[in-house]
Amino acid sequence: MAEVVRFGVSLDRELLERFDNLIKEKNYSNRSEAIRDLIREEFVKREWIEGDDVAGAIVLIYDHHRKDLLNKITDIQHNYQNVIISTQHIHLDHDNCLEIIAVRGNPKEVKKLADILKAIKGVKHGALSMSSTGKEII
Ligand code: NI
């Protein structure tokens, strides 16, 4: 385990109270863990801006009855095999499908894939969850 260092932070009282309320709502057991997560969040954001290997998931909601939609989504995924780890398709109800595409690779390519999929006519909602391979964060 890496060496743990303690440090003091000077903070406006009101801001600290708001922070304490926020982390309580978010179920953190203490300030240290909340601050660690905020720091990690910043490093993950940075990985997506200037890194070359990120991980995450693209989530799509669409109506599979729409003509050619399924083919389009599949065709595009075949063109981006280099960043797609796996795809899970869930039939939500009679009409709606949920597709979860696990991605890993160059952030620009992953974002491009997410943008292309989201922009397809008939995709009701699309979201990219930008996470990390975990190598750059402790
Ligand atoms: Ni389906």
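From a predicted model like this one, the values you see are computed outputs, not experimental measurements. (Residues numbered from 1 in each chain as written. Predicted model: local features only at pLDDT ≥ 70, side-chain atom pairs only at ≥ 80, totals over all residues. Heavy atoms only, no water.)

**Student:** What should I look at first to understand the pattern of salt bridges in this one?
**Tutor:** Pairing between side chains of opposite charge can happen when their charged atoms approach one another. Across all of its chains, the model carries 8 salt bridges by this definition. Among the ionic pairs, Arg36 bridges to Glu33, the shortest N-O distance being 2.8 Å. Residue Arg36 and its partner Glu33 are both found in helix α2 (residues 31-50); the two are separated by 3 residues, about one turn of the helix. On the accessibility criterion, Arg36 (38% relative accessible area) is partly exposed. Given a relative accessible area of 25%, Glu33 falls into the partly exposed group. (Salt bridge = Lys/Arg side-chain N within 4 Å of Asp/Glu carboxyl O. Helix = DSSP H or I, 4+ residues; strand = E, 2+ residues; numbered from the N terminus. Buried < 20%, exposed > 50% of the residue type's maximum accessible area, 1.4 Å probe, protein only.)

**Student:** Would you mind going over the side chain of Asp63 with me for this structure?
**Tutor:** Topologically, Asp63 is positioned in strand β1 (residues 54-63). It is Lys124 that comes nearest to the buried, bridge-free Asp63 among opposite-charge side chains, at 4.9 Å. At a separation of 2.9 Å, a polar atom in the side chain of Asp63 contacts the main-chain amide nitrogen of His65. Once you skip the residues sitting within four places of it in the chain, Asp63 turns out to touch Leu69, Asp95, Asn96, Gly122 and Lys124. (Lys, Arg positive; Asp, Glu negative; His and termini not counted. Polar contact = N/O pair within 3.5 Å; in protein donor to acceptor, adjacent residues only side chain to side chain. Contact = heavy atoms within 4.5 Å.)

**Student:** What is the right way to read the environment of Ile23 from this model?
**Tutor:** Relative to the helices and strands, Ile23 is located in helix α1 (residues 13-25). The class for Ile23 is buried, based on a relative accessible area of 7%. Not counting the four nearest positions on each side in its chain, Ile23 is found in contact with Tyr28, Asn30, Arg31 and Ala34.

**Student:** Where do I start with helix α3 (residues 69-79) in this structure?
**Tutor:** Restricting attention to buried positions, one finds in α3 the residues Leu69, Ile73, Ile76 and Gln77. Buried residues in α3, looked at end-on, bunch into an arc of 100°, giving them a common side. More than 90 degrees from the buried face of α3, the exposed residues found are Asn71, His78 and Asn79. On its buried face, α3 is in contact with β1, β2 (84-91), β3 (96-105), α4 (107-119) and β4 (123-131). (Arc of directions from axis to C-beta.)

**Student:** What's the story with the coordination of the nickel ion in this structure? I'm lost.
**Tutor:** Four donors placed tetrahedrally about a metal ideally form angles of 109.5 degrees, and six donors placed octahedrally ideally form angles of 90 or 180 degrees. Looking at the metal site, the nickel ion is ligated by His89 (NE2), His91 (ND1) and Cys97 (SG), spaced 2.1 to 2.4 Å from it. Coordination of the nickel ion draws on donor residues from a single chain, spaced H-x1-H-x5-C in sequence. Relative accessible area serves as the criterion here: at 32%, His89 is assigned to the partly exposed category. You can call Cys97 buried: its relative accessible area is 2%. (Donors = N, O, S within 2.8 Å, 3.2 Å for Na, K, Ca; no water.)

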